[in-house]
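Coordinates in review
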Amino acid sequence: MALKLLIIHPDDPFRRHLSERLRLENYQVVESAPETESMAALKDGRFDVILLRTTGLLSRRLSLLKSIKETCPGTEVILLTTQDEHTLTGSIQAMRMGAFDELIVPLDIGTLHRRIQDAHVRQKERVEAERSRG
């Protein structure tokens, strides 16, 4: 079964282009704009990995990350951040809240692919651990 990936990104052309590139890697991709569709998309489907990009304040990104982890605790989240928005404090907060990684945009598609694969491995390990406990 193909890895199911949700891309939450406010820039429609960038999101569409990234989705097309990742579909070429045989990912099952669903797209969402952060404020309008992301929580509905989360409720409609189970995702292995989420790529999350928002604009604005760090508190806004962390709030959406928190909502995602509450709704889908087993899903791995990779934050996509611009250099202007990136802070060490923000990265640490995001990791403590359950983010798998943070990548700085623009990014290399090969690096993104590897981090998605790493996140998927961790997600599968968590699922297996839950099954063996229950």
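Described below are features of the structure shown in this document. (Residues numbered from 1 in each chain as written. Predicted model: local features only at pLDDT ≥ 70, side-chain atom pairs only at ≥ 80, totals over all residues. Heavy atoms only, no water.)

To continue, consider the pattern of salt bridges. Applying the stated criterion across every chain yields a total of 13 salt bridges. The salt bridge partner of Arg115 is Asp118, with a shortest N-O separation of 2.7 Å. Of this pair, Arg115 and Asp118 both sit in helix α5 (residues 109–133), separated by 3 residues, roughly a single helical turn. (Salt bridge = Lys/Arg side-chain N within 4 Å of Asp/Glu carboxyl O. Helix = DSSP H or I, 4+ residues; strand = E, 2+ residues; numbered from the N terminus.)

Moving on: α5. With 25 residues, α5 extends 36 Å from end C-alpha to end C-alpha; this agrees with the ideal 36 Å at 1.5 Å per step. Considered for burial, the residues of α5 that qualify are Leu112, Ile116, Ala119, His120 and Gln123. In this structure, the buried side of α5 is in contact with β1 (4–8), α1 (12–23), β3 (49–52), β4 (76–82) and β5 (101–105). (Expected span 1.5 Å × (residues − 1). Buried < 20%, exposed > 50% of the residue type's maximum accessible area, 1.4 Å probe, protein only. Contact = heavy atoms within 4.5 Å.)

Right, let's get into the packing of aromatic side chains. Going through the model one piece at a time under the given rule, you end up with 0 aromatic pairs. The cationic tip of Lys4 hangs over the ring face of Phe47; the distance from NZ or CZ to the ring centre is 5.0 Å. (Phe/Tyr/Trp six-rings, centres within 6.5 Å; stacked < 30°, edge-to-face > 60°. Lys NZ or Arg CZ within 6 Å of the ring centre and 35° of its normal.)

On to the sheet that holds β4, then. Here we have 5 strands laid out as an open sheet, ordered β2-β1-β3-β4-β5, and parallel in their pairing. With one partner strand each, in any of the chains shown, β2 (28–32) and β5 form the two edges of the open sheet. In this sheet, adjacent strand axes meet at a mean angle of 20 degrees when their direction is disregarded. Sheet analysis places β3 next to β4, joined by 4 bridges and oriented parallel. When the bridges of β4 are listed, Leu52 appears paired with Leu79. Strands in contact with helix α3 (residues 58–71) are β1, β3 and β4; relative to β3, the strand with the most contacts, it is inclined by about 165 degrees. (Pairing = 2+ DSSP bridges. Axes fitted to C-alpha atoms, helices over the stretch in contact; angles between N-to-C directions.)

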